[in-house]
Amino acid sequence: MLEVENLHVSYGSIKALHGVSLKVPQGSIVTLIGANGAGKSTTLRALSGLVKSNSGTIRYDGDEITRLAPHKIVSRRLCHVPEGRMVFANLTVHENLVMGAYLQKDKAWIAKQTEYVFHLFPRLKERENQAAGTMSGGEQQMLAIGRALLGNPKFLMLDEPSLGIAPLLVKAIFERIVEINKEQGLTILLVEQNANLALDISSYGYVLETGSVLLEGPSADLKANPKVQEAYLGG
Ligand code: ATP
């Protein structure tokens, strides 16, 4: 279980988060939705130690991780797939996956997990020797998720996996996210502007607005909420 309590984050004089609290139970898919600039990415960056919080606490599996450095957070098996994917453009698909496994020592596990990633995303297998930068946005997103899985995470943070991707690939990627959650028992915190999709695959959601939680509830309830429909689901 991940628990965030009253988190405040600023970038210089800009207050990005003021008092965000949320919970992500083990094994669940929880989503953060909200407009541009609401603080969704900042929340993920704070969880992975990439920005320092001014106050508030982050607990994971009972331990406080609020002030840990990013590499210490990764070593607790929390992994962040950032917005924009950030694959190594000049490396091949295979080399990107190898980079994802750089902390793993068990070669047999790495081979097995690589096969699992290729089973999830057969397109990556087809393009194993292609430079990542020459692939489509959707394929790069698959690679970013695959690379994260090679780090053997227990808790996966996905920032806008649908951004700039063709609808057909978005559907495939979201189906795989559900599969990963079920098959690998991975807890997932999903940040999305595509609220419809995110609420369809999650069990619980938080709506962020200007750095605070405006609404929260079971995803089905949020989807049925007229305020959410009007503001985030296109009426
Ligand atoms: P988006 O979907 O557009 O990324 P978001 O909900 O993820 O939106 P954040 O990126 O977390 O929002 O931004 C929250 C606030 O913090 C915004 O007002 C943004 O302008 C500001 N902000 C984000 N990153 C920085 C930064 N590096 N320096 C200064 N301000 C920032």
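Remember, predicted model here, so these are calculated numbers, not experimental data.

Chemist: Hey, could you go over the pairing of strand S7 (residues 155-159) for me, with residue numbers and the actual values?
Modeler: Burial runs high along S7: five of the five residues are buried. What you see with S7 is no split at all: Phe155, Met157 and Asp159 on one side and Leu156 and Leu158 on the other are buried throughout. Pairing geometry for strand S6 (residues 78-81) and S7, over four bridges, is parallel. In the sheet register, His80 faces S7, and the bridge partner there is Met157. At this point the chain moves from S7, through helix H7 (residues 167-183), to the parallel strand S8 (residues 187-192), and the crossover so formed is right-handed.

Chemist: Which residues make up the packing of aromatic side chains, and what values do they have?
Modeler: What the rule picks out here adds up to two aromatic pairs. Considering the side-chain rings of Tyr60 and Phe155, the 5.8 Å spacing of their centres and the 75 degrees angle between planes classify their relative orientation as edge-to-face. In this pair, Tyr60 is assigned in strand S4 (residues 55-60) and Phe155 in strand S7, connecting sequence segments 95 residues apart. Residue classification places Tyr60 among the buried residues on the basis of a relative accessible area of 6%.

Chemist: Quick one: what's the story with the site of the ligand, residue by residue and with numbers?
Modeler: Taken together, 15 residues lie around the ligand, and Asn36, Gly37, Lys40, Ser41 and Thr42 are the ones closest in. Within the side chain of Asn36, a nitrogen or oxygen atom sits 2.8 Å from an oxygen atom of the ligand. Here Gly39 contributes a backbone N or O atom positioned 2.9 Å from an oxygen atom of the ligand. Considered on its own, the ligand offers 630 Å² of accessible surface; in the complex 65% of this is hidden by protein. Put simply, the parts of the chain that give the shell around the ligand at least two residues each are strand S2 (14-24) and helix H1 (40-47). Among the elements that take part in the shell around the ligand, H1 stands out by supplying four residues, more than any other.

Basis of the calculations
- Residues numbered from 1 in each chain as written.
- Predicted model: local features only at pLDDT ≥ 70, side-chain atom pairs only at ≥ 80, totals over all residues.
- Heavy atoms only, no water.
- Buried < 20%, exposed > 50% of the residue type's maximum accessible area, 1.4 Å probe, protein only.
- Helix = DSSP H or I, 4+ residues; strand = E, 2+ residues; numbered from the N terminus.
- Pairing = 2+ DSSP bridges.
- Right-handed = clockwise from strand over helix to strand, strands pointing away.
- Phe/Tyr/Trp six-rings, centres within 6.5 Å; stacked < 30°, edge-to-face > 60°.
- Near = heavy atom within 4 Å.
- Polar contact = N/O pair within 3.5 Å; in protein donor to acceptor, adjacent residues only side chain to side chain.
- Areas by Shrake-Rupley, 256 points an atom, 1.4 Å probe, with all protein chains shown as cover.

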